[in-house]
Amino acid sequence: MYVGLALTVLATIATYVDRSTTHLLADHIRAGYPDYSQARVDSAVTTYLVVSSVIGALGVLGWLTAAWAVKAGKRWARPVATVMFVLGASAGLAGLLTKDTSGATGLPPELGWAGMIPCLAGVFAVTSLWRRRRPT
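Residues numbered from 1 in each chain as written. Predicted model: local features only at pLDDT ≥ 70, side-chain atom pairs only at ≥ 80, totals over all residues. Heavy atoms only, no water.

Some details on the overall build of the protein
Here is step 1: Each helix and strand counted, the protein has five helices and zero strands in total.
Here is step 2: Listed by position from the N terminus, the elements making up the protein come as α-α-α-α-α.
Here is step 3: Viewed in the frame of its principal axes, the protein has a C-alpha envelope of about 60 × 25 × 15 Å.
Here is step 4: Burial status across the protein gives 32% buried among its 136 residues.
Here is step 5: Considering only intrachain contacts with a sequence separation of at least 6, the fraction spanning at least 24 residues in the protein is 69%.
Here is step 6: Accessible surface for the protein amounts to roughly 8,300 Å². Of this, 70% is attributable to carbon and sulfur atoms. (Helix = DSSP H or I, 4+ residues; strand = E, 2+ residues; numbered from the N terminus. Buried < 20%, exposed > 50% of the residue type's maximum accessible area, 1.4 Å probe, protein only. Contact = heavy atoms within 4.5 Å. Areas by Shrake-Rupley, 256 points an atom, 1.4 Å probe, with all protein chains shown as cover.)

This is the structure:
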């Protein structure tokens, strides 16, 4: 679960790294909306950074809660971790696949896939939880 936590933090940070280096998101927005001014592109990027940060913070909270519940042997750890995985995977898939009004996906594929990487740890964590014997 701590691997998932670290991957969630890295996926969240990736959007900030992109803003200061590669500008994939800004270029993607500019390609989809060529009439946008630079200020409007910057505003869209900032909005995405806020959304990404909120989703990342919720993901961190989810991983920490699940790790604590499992370590404490809580009976509700498995179903709650499963629900958190479904919510996280849904958020990741939404970022990867949702098309905006330009007809393109809202995110460049690189950032969309970065948002899916923590789901790999989620699949492993949930599978491991359901294979373990339930604490008595």
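There is more to say, and it comes next.
Considerations on the nonpolar core
Here is step 1: In terms of nonpolar packing, the biggest core is built from nine residues, these being Leu25, Ala26, Ile29, Tyr33, Val41, Val45, Leu49, Leu107 and Leu111.
Here is step 2: When residues of this core are traced back to their parent elements, those giving at least two are helix 2 (24-32) and helix 3 (38-71).
Here is step 3: Every residue in contact with Val41, bar those within four places of it in the chain, is listed here: Ala26, Ile29, Arg30 and Tyr36. (Core = buried A, V, L, I, M, F, W, Y, C linked by side-chain atoms within 4.5 Å.)

As for the pattern of salt bridges
Between side chains of opposite charge, a pair can form when the charged atoms approach closely.
Here is step 1: Using the criterion set out here, one finds one salt bridge in the structure.
Here is step 2: Measuring nitrogen to oxygen at the nearest pair gives 2.8 Å for the salt bridge that ties Arg30 to Asp27. Highlighted residues: Arg30 and Asp27, both in helix 2, separated by three residues, approximately one helical turn.
Here is step 3: Relative accessible area serves as the criterion here: at 30%, Arg30 is assigned to the partly exposed category. (Salt bridge = Lys/Arg side-chain N within 4 Å of Asp/Glu carboxyl O.)

Considering helix 5 (residues 109-131)
Here is step 1: Taking 1.5 Å per residue as the helical rise, helix 5 with its 23 residues ought to reach 33 Å, and the 33 Å between its terminal C-alpha atoms agrees with that figure.
Here is step 2: Along helix 5, the residues classified as buried are Leu111, Gly112, Ala114, Met116, Pro118, Cys119, Ala121, Gly122, Ala125, Val126 and Leu129.
Here is step 3: On its buried face, helix 5 sits against helix 1 (2-20), helix 2, helix 3 and helix 4 (77-97). (Expected span 1.5 Å × (residues − 1).)

Focus on the packing of helix 1 against helix 3
Here is step 1: Here helix 1 crosses helix 3 at 170°, and the two axes come no closer than 9 Å. It follows that helix 1 is roughly antiparallel to helix 3 by the angle criterion.
Here is step 2: Of the residues contributing to the contact of helix 1 with helix 3, the split by class is 11 nonpolar, nine polar and two charged. (Axes fitted to C-alpha atoms, helices over the stretch in contact; angles between N-to-C directions. Parallel < 35°, antiparallel > 145°, perpendicular 65-115°, else oblique. Nonpolar A, V, L, I, M, F, W, Y, C, P; charged D, E, K, R; others polar.)

What to know about the side chain of Thr105
Here is step 1: Within the secondary structure, Thr105 sits in the loop between helix 4 and helix 5.
Here is step 2: Overall, Thr105 belongs to the buried group, its relative accessible area being 19%.
Here is step 3: Reaching out from Thr105, the side chain makes a polar contact with the backbone oxygen of Leu107 at a distance of 2.7 Å.
Here is step 4: Each residue touching Thr105, except ones within four places of it in the same chain, is listed here: His28, Leu96, Leu97, Thr98, Lys99 and Asp100. (Polar contact = N/O pair within 3.5 Å; in protein donor to acceptor, adjacent residues only side chain to side chain.)

Examining the side chain of Thr12
Here is step 1: Looking at the element boundaries, Thr12 is found in helix 1.
Here is step 2: Owing to a relative accessible area of 15%, Thr12 belongs among the buried residues under this scheme.
Here is step 3: A polar atom in the side chain of Thr12 sits 2.9 Å from the backbone oxygen of Thr8.

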